[in-house]
Amino acid sequence: SGNDLEPTPHIALLPSAGMGHLTPFIRLVALLTSNNVKVTFITPHPTVSISESEGFSQLFSTFPQITRMQLHLLPLEDSSSKSEDPFYYHFELIRRSSHLLSPLLASLSPPLSALVTDMSLTSTVIPITDALQIPNYIFFTSSAKMLSLFISFHTLVDPKAKDFVEISGIEPIPRSWIPPPLLEDTNNLMKIYFTESGKKMKESSGILVNTYESIDGESLAALNKGLVLKGLPLPPVIAIGPLPPFKFEKSQPLAWLDDQQAESVLYVSFGSRTTISREQIRELGHGLVRSGKRFLWVIKDKKVDQEDEVELVDLIGHGLMGKVKERGMVVKNWLNQEEVLSHPAVGWFLSHCGWNSITEALWHGVPMLLWPQHGDQKINADLVERIGVGMWVKNWGWGGDPIVVVKGKEIAETVVKMTGNEFLRERSAQVRDEARMAVGEGGSSHERLNDLIDSWKS
Ligand code: BUP
């Protein structure tokens, strides 16, 4: 389609580390490409995980018309932060290599209409695009509610001093929902990127968010009315979500799922970069068995997939392994989640509340048991609970807390309660329809994206 007389915009995109950041970029790239936008995708090299490099290969083989450019990351001279989270360490590597972008961007032909960068790179990339006079859009890969915290965090006076964090235009956020590293006294990689990029964000040309009006309306309105920074104008905050899952070729046979009854299976996953303690893994296993439900459980022992070498049976022990196999299917590390959530046998999702997992569950109408582990996940859990498609047991705390272990008995009781709640299922079907309407012809997110692409043509 498209008018031959209309210029084709040329957009470069630069993601950051981890599947939670890469997946929405891949979806956006697929969407832009199918809207006749010329895309150059800049891939940081090397990646942290195998999943990321596989994601890149699949994307480029599916869309040969996308130009690939590599950003070769420089090693850090000061490696004292190497012991911190490997994904945040990689954010820092990409940030510190950002100056290498200048010659790369300047060499692209035809000249760029805009660069879209991951939120974590805002503070180092904006000076570069400013110098080259290229419009810079930030892609925020979490909710608009989280964006309001991101943008205002550097203005908050001692956020840990009060029970609630107050952001103008937004309902106060309980302190216990704030990502714990942000409340530490000492600096850490998350706090540094969050503060620095949050501060610089207002200088971007626009902020794209993988969300939509009917779940995140309060924050979208507050941001776009300029309330969040108390009258300081912000660039337009553009809700373009939920970005439709992009289906690569079927990657794994899910024969076990094919044999299960419709909506009978609980899918359990804590995302691509979260491990839970061995003790908690075993309690969870006992809980799942005791719930009497069928389940499909993805277990991780290491944050980084290529380091994960332990055998499943050594993780959960022979006794539990035997019981688990009677009712469920357990997999190490990775399954194609899109295939799982779209499978008719899957009826519920026990999720760590990563924003991508949530938008995917909404898209497929799968009700959730919410167990936030770290980062933005409590803020995400709250949004899901409010729209009525999830159950959140708040006293389970942060799953990432090594001291609190939730017992199997309680997990089993909660699973039974959640899976018996018909209201959650009915509401999930409505929310699925709304999500699809937002990105369908005439929907709010569909319109926003079209306007954006049009603005790149002039
Ligand atoms: Br695990 C896993 N298969 O087995 P989130 C994840 N995914 O396809 P995270 C799979 O990775 P952040 C698996 O569908 C989602 O798109 C999943 O992103 C996919 O959580 C993505 O849900 C994971 O945002 O990232 O990994 O914790 O911390 O950035 O939210």
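Residues numbered from 1 in each chain as written. Predicted model: local features only at pLDDT ≥ 70, side-chain atom pairs only at ≥ 80, totals over all residues. Heavy atoms only, no water.

Here's the deal with the overall build of the protein chain
Moving on, step 1. On a plain count of helices and strands, the protein chain comes out with 18 helices and 15 strands.
Moving on, step 2. When its C-alpha atoms are laid out on the principal axes, the protein chain stretches across 60 × 55 × 45 Å.
Moving on, step 3. When burial is assessed residue by residue, the protein chain has 59% of its 458 residues classed as buried.
Moving on, step 4. Taking all contacts inside the protein chain whose residues are at least 6 apart in sequence as the whole, residues at least 24 apart take part in 73%.
Moving on, step 5. Of the roughly 18,800 Å² of accessible surface on the protein chain, a fraction of 51% belongs to carbon and sulfur atoms.
Moving on, step 6. Seen as two clouds, the 43 positive and the 53 negative side-chain charges of the protein chain have centres 4 Å apart. (Helix = DSSP H or I, 4+ residues; strand = E, 2+ residues; numbered from the N terminus. Buried < 20%, exposed > 50% of the residue type's maximum accessible area, 1.4 Å probe, protein only. Contact = heavy atoms within 4.5 Å. Areas by Shrake-Rupley, 256 points an atom, 1.4 Å probe, with all protein chains shown as cover. Lys, Arg positive; Asp, Glu negative; His and termini not counted. Charge placed at Lys NZ, Arg CZ, Asp CG, Glu CD.)

With respect to the packing of aromatic side chains
Moving on, step 1. Scanning the model with the defined rule gives 17 aromatic pairs in all.
Moving on, step 2. Aromatic pair Phe 153 and Phe 194: ring centres 5.7 Å apart, planes at 90 degrees, arrangement edge-to-face. With Phe 153 in the loop between helix 6 (144–152) and strand 6 (164–165) and Phe 194 in helix 7 (residues 189–200), the pair connects residues that are 41 residues apart, well separated along the chain. Per residue, the accessibility class of Phe 153 equals that of Phe 194, and both read buried.
Moving on, step 3. These aromatic residues form a ring-pair network of at least three members: Tyr 88, Phe 91, Phe 140, Phe 150, Phe 153, Tyr 193 and Phe 194.
Moving on, step 4. Sitting above the plane of the Tyr 88 ring, Arg 273 keeps its charged end 4.9 Å from the centroid. (Phe/Tyr/Trp six-rings, centres within 6.5 Å; stacked < 30°, edge-to-face > 60°. Lys NZ or Arg CZ within 6 Å of the ring centre and 35° of its normal.)

A word on the sheet that holds strand 3 (residues 67–72)
Moving on, step 1. Taken in spatial order, the seven strands line up as 3-2-1-4-5-8-9 in an open sheet, and their pairing is parallel. With partners counted over all chains shown, the strands left at the sheet margins are strand 3 and strand 9 (237–239), one partner each. For this sheet the average axis-to-axis angle between neighbouring strands, irrespective of direction, equals 25 degrees.
Moving on, step 2. Here four bridges tie strand 5 (residues 136–140) to strand 8 (residues 206–209), and the two strands are oriented parallel to one another. Within strand 8, the residue paired with Ile 138 across the bridge is Ile 207. (Pairing = 2+ DSSP bridges. Axes fitted to C-alpha atoms, helices over the stretch in contact; angles between N-to-C directions.)

As for the pairing of strand 11 (residues 294–299)
Moving on, step 1. Burial analysis of strand 11 places five of its six residues in the buried class, which makes it a mostly covered element.
Moving on, step 2. Two elements, strand 10 (residues 265–269) and strand 11, share four bridges in a ladder whose sense is parallel. Bridge pairing links Val 268 to Trp 297 in strand 11.
Moving on, step 3. Of the crossover connections in this fold, the one passing from strand 10 over helix 10 (residues 278–291) to the parallel strand 11 is right-handed.
Moving on, step 4. Two strands pair when backbone bridges link them, and strand 11 and strand 12 (residues 328–332) are joined in this way by five bridges, in the parallel orientation. Looking across to strand 12, one finds that Leu 296 is bridged to Met 329. (Right-handed = clockwise from strand over helix to strand, strands pointing away.)

Quick look at the site of the ligand
Moving on, step 1. Taken together, the neighbourhood of the ligand is formed by 18 residues, with Ser 272, Leu 335, His 352, Ser 357 and Glu 360 sitting nearest.
Moving on, step 2. In this structure, Asn 356 approaches the ligand through a side-chain N or O atom, which is 2.9 Å from an oxygen atom.
Moving on, step 3. For the ligand, the protein covers 94% of the area, taking 630 Å² as the surface of the free molecule.
Moving on, step 4. For the shell around the ligand, the secondary structure elements donating two or more residues are helix 1 (19–34) and helix 14 (355–364). (Near = heavy atom within 4 Å. Polar contact = N/O pair within 3.5 Å; in protein donor to acceptor, adjacent residues only side chain to side chain.)

Section: the packing of helix 3 (residues 86–96) against helix 7
Moving on, step 1. At their nearest, the axes of helix 3 and helix 7 sit 9 Å apart, and the two run at 45 degrees to each other. Considered as vectors, helix 3 and helix 7 are oriented oblique to each other. You can see that helix 3 and helix 7 cross each other, and the crossing is left-handed. Contact with helix 3, carried on its side by Tyr 88, Tyr 89, Phe 91, Glu 92 and Arg 95, involves Leu 189, Met 190, Ile 192, Tyr 193, Glu 196 and Ser 197 of helix 7 and no other residues of that element.
Moving on, step 2. Across the contact of helix 3 with helix 7, the residue classes tally to seven nonpolar, one polar and three charged. (Parallel < 35°, antiparallel > 145°, perpendicular 65-115°, else oblique. Left-handed = near helix turned anticlockwise from the far one by under 90°. Nonpolar A, V, L, I, M, F, W, Y, C, P; charged D, E, K, R; others polar.)

Points about the confidence of the model for the protein chain
Moving on, step 1. On average, the protein chain scores 94 in pLDDT, and the residues at 70 or more come to 98%.
Moving on, step 2. Model confidence for the complex: the whole-complex pTM is 0.97, and ipTM, which rates the interface, is 0.98. (pLDDT = per-residue confidence, 0-100.)

Structural notes on the pattern of salt bridges
Moving on, step 1. The tally for this structure, following the rule as stated, stands at 22 salt bridges.
Moving on, step 2. Of the charged contacts in the structure, one is a salt bridge between Glu 92 and Arg 95, with a shortest N-O distance of 3.1 Å. Placement of the pair is Glu 92 and Arg 95 together in helix 3, with a separation of three residues, close to one helical turn. Each member of the pair, Glu 92 as well as Arg 95, carries the same accessibility label: buried.
Moving on, step 3. Between Arg 175 and Asp 163 there is a salt bridge, with the nearest N and O atoms lying 3.6 Å from each other. Of the two residues, Arg 175 is situated in the loop between strand 7 (173–174) and helix 7 and Asp 163 in the loop between helix 6 and strand 6; the sequence distance between them amounts to 12 residues.
Moving on, step 4. You can call Asp 163 exposed: its relative accessible area is 53%. (Salt bridge = Lys/Arg side-chain N within 4 Å of Asp/Glu carboxyl O.)

Here's the deal with the sheet that holds strand 12
Moving on, step 1. If you trace the six strands from one edge of the open sheet to the other, you get 12-11-10-13-14-15, paired in parallel fashion. Where the open sheet ends on each side, the last strands, each with one partner, are strand 12 and strand 15 (390–392). Adjacent strand axes in the sheet meet at a mean angle of 15 degrees when their direction is disregarded.
Moving on, step 2. Contacts from helix 12 (residues 318–327) reach strand 11 and strand 12 within the one sheet, and its direction differs from that of strand 12 by about 120 degrees.

A look at the packing of helix 1 against helix 18 (residues 444–457)
Moving on, step 1. Close contact between helix 1 and helix 18 brings their axes to 12 Å; oriented N to C, the two are set at 65 degrees. Judged by the sense of rotation from one axis to the other, the crossing of helix 1 with helix 18 is right-handed. Across the interface between the two elements, Leu 28, Leu 31 and Leu 32 from helix 1 touch Leu 449, Ile 453 and Trp 456 from helix 18.

What about the side chain of Gln 337?
Moving on, step 1. The residue Gln 337 is located in helix 13 (residues 337–341) in this model.
Moving on, step 2. Among all residues touching Gln 337, those that are not within four sequence positions of it are Tyr 267, Ser 269, Phe 349, Ser 357 and Glu 360.

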